[in-house]
Amino acid sequence: MTTPHPATTAGADLDAIRAVALTCTECGLATGRTHVVFGVGDPAADLMFVGEGPGQNEDEQGEPFVGRAGKLLTQLIEGIGLTRADVYIANVVKCRPPNNRDPLPEEIAACSPWLDRQLDLIRPKVIVTLGNFATKLLLDTKTGITKLRGQEFAFTRAGIDAVLVPTLHPSAVLRSGGVALAQARADFGVAKRALPGPR
């Protein structure tokens, strides 16, 4: 008999689940982390952002998107009339992979129940995937971000139905500059228009 994943029995709200996630040892990433980077923001947000995984700054501070890429993400969120407090920001994996490499399939499998619990409890109406990795994983596709970005996709997972809008990762925007920044701003506009209610 297999032991259930701790995310499935962790509690009924995000704070309870986060408390259990902070002690997670389901995969090898646990041995090299400084902090589990669970997620941050409004637990009832209509708009949720999902990135790949924590980098060095995030691992040190225990919060997603806090370095230069995080500052750009904040600016892009503010550009559609919202703040970080209005949205929820999470990653596919909650611990930093060594040298910022892509997470391995077994690491993703071990961490997916945490993301599923976040999705189930937050119940976002719109999910923006940040970058190639998160987009390919959540859309279950091999198509790259440059072909998918800025489009709306129906998304069903963890008992929710949402609109998923892929966009470039803020780090990629910082590396690429002007055109990529304009594309990211346009993608955020698509996400804003997909939100329910007056905007």
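Structure: above.
Residues numbered from 1 in each chain as written. Predicted model: local features only at pLDDT ≥ 70, side-chain atom pairs only at ≥ 80, totals over all residues. Heavy atoms only, no water.

Student: I'd like to hear about the overall build of the chain, residue by residue, with values.
Tutor: Of the regular secondary structure elements, the chain holds eight helices and six strands. Relative to its length of 199 residues, the chain is compact, with a C-alpha radius of gyration of 16 Å against a globular reference of 16 Å. Along the longest, intermediate and shortest principal axes, the C-alpha atoms of the chain span 50 × 35 × 30 Å. Burial analysis of the chain (199 residues in total) assigns 48% to the buried set. Long-range contacts, defined as pairs at least 24 residues apart, comprise 71% of the intrachain contacts of the chain with a sequence gap of at least 6. About 9,400 Å² of surface is accessible on the chain, with carbon and sulfur atoms providing 51% of the total. Charge-centre separation for the chain: the mean point of 21 positive side chains lies 6 Å from the mean point of 21 negative side chains. (Helix = DSSP H or I, 4+ residues; strand = E, 2+ residues; numbered from the N terminus. Rg over C-alpha atoms; globule rule 2.2 N^0.38 Å. Buried < 20%, exposed > 50% of the residue type's maximum accessible area, 1.4 Å probe, protein only. Contact = heavy atoms within 4.5 Å. Areas by Shrake-Rupley, 256 points an atom, 1.4 Å probe, with all protein chains shown as cover. Lys, Arg positive; Asp, Glu negative; His and termini not counted. Charge placed at Lys NZ, Arg CZ, Asp CG, Glu CD.)

Student: Got a sec to walk through the packing of helix 1 (residues 14-21) against helix 4 (residues 105-122)? Specific residues and values, please.
Tutor: For the pair helix 1 and helix 4, interaxial distance at closest approach is 10 Å and the crossing angle is 170°. Judged by the inter-axis angle, helix 1 sits roughly antiparallel to helix 4. Contact with helix 1, carried on its side by Leu14, Ile17, Val20 and Ala21, involves Trp114, Arg117, Gln118, Leu121 and Ile122 of helix 4 and no other residues of that element. Here the residues of the contact of helix 1 with helix 4 are counted per class, giving seven nonpolar, one polar and one charged. (Axes fitted to C-alpha atoms, helices over the stretch in contact; angles between N-to-C directions. Parallel < 35°, antiparallel > 145°, perpendicular 65-115°, else oblique. Nonpolar A, V, L, I, M, F, W, Y, C, P; charged D, E, K, R; others polar.)

Student: So what about the sheet that holds strand 3 (residues 88-91)? Which residues, and what values?
Tutor: An order of 1-3-2-4-6-5 is seen for the six strands of this open sheet, with the pairing classed as mixed. Each of the sheet's edge strands pairs with one partner strand only, and the pair in question is strand 1 (40-41) and strand 5 (153-157). Summarising the sheet, strand 4 (residues 126-130) and strand 6 (residues 160-167) pair through five bridges and their orientation is parallel. Its bridge partner lying in strand 6, Val126 is registered against Val163. Of the strands in this sheet, strand 2 (47-51), strand 4 and strand 6 are in contact with helix 8 (residues 178-194), which crosses strand 6 at around 165°. (Pairing = 2+ DSSP bridges.)

Student: Would you mind going over helix 8 in detail, with residue names and values included?
Tutor: Taking 1.5 Å per residue as the helical rise, helix 8 with its 17 residues ought to reach 24 Å, and the 25 Å between its terminal C-alpha atoms agrees with that figure. Buried residues of helix 8: Ala180, Ala184, Asp187, Phe188, Gly189, Val190, Ala191 and Ala194, and no others. Elements in contact with the buried residues of helix 8: strand 2, helix 3 (68-78), strand 4, strand 6 and helix 7 (170-176). (Expected span 1.5 Å × (residues − 1).)

Student: Can you explain the pattern of salt bridges? Please cite residues and give values.
Tutor: Summed over all chains, the structure comprises six salt bridges. Notably, a salt bridge pairs Glu63 with Arg84, separated by 3.5 Å at the nearest N-O pair. One end of the pair, Glu63, is in the loop between helix 2 (56-61) and helix 3; the other, Arg84, is in the loop between helix 3 and strand 3, and 21 residues separate them in sequence. (Salt bridge = Lys/Arg side-chain N within 4 Å of Asp/Glu carboxyl O.)

Student: Can you break down helix 4 residue by residue, with the values?
Tutor: The periodicity of an α-helix, 3.6 residues per turn, causes residues three or four positions apart to be oriented the same way. Along its 18 residues, helix 4 runs 25 Å from first to last C-alpha, staying within 8% of the 26 Å computed at 1.5 Å per residue. Buried within helix 4 are the following residues: Glu107, Ile108, Ala110, Cys111, Ser112, Pro113, Trp114, Leu115, Arg117, Gln118, Leu119 and Ile122.

Student: An account of the packing of aromatic side chains is needed here, citing residue identities and associated values.
Tutor: A ring pair, where both rings are aromatic, is described by two values, the distance of the centres and the angle of the planes. Per the stated rule, a full pass over the model turns up one aromatic pair. Plain terms: the ring middles of Phe49 and Phe188 are 5.4 Å apart, the flat faces sit at 25° to each other, and that makes the pair stacked. Linking Phe49 in strand 2 with Phe188 in helix 8, this pair joins segments that are 139 residues apart in sequence. An identical accessibility class is assigned to Phe49 and Phe188; each is buried. Lying over the aromatic face of Phe38, Lys94 brings its terminal NZ or CZ to 5.9 Å of the ring centre. (Phe/Tyr/Trp six-rings, centres within 6.5 Å; stacked < 30°, edge-to-face > 60°. Lys NZ or Arg CZ within 6 Å of the ring centre and 35° of its normal.)

Student: Lay out the pairing of strand 3 in plain terms, naming residues and giving numbers.
Tutor: Burial along strand 3 is two-sided: Tyr88 and Ala90 and Ile89 and Asn91, pointing in opposite directions, are all buried. Here two bridges tie strand 1 to strand 3, and the two strands are oriented antiparallel to one another. When the bridges of strand 3 are listed, Gly41 appears paired with Tyr88. When strand 2 meets strand 3, the two strands line up parallel, connected through four bridges.

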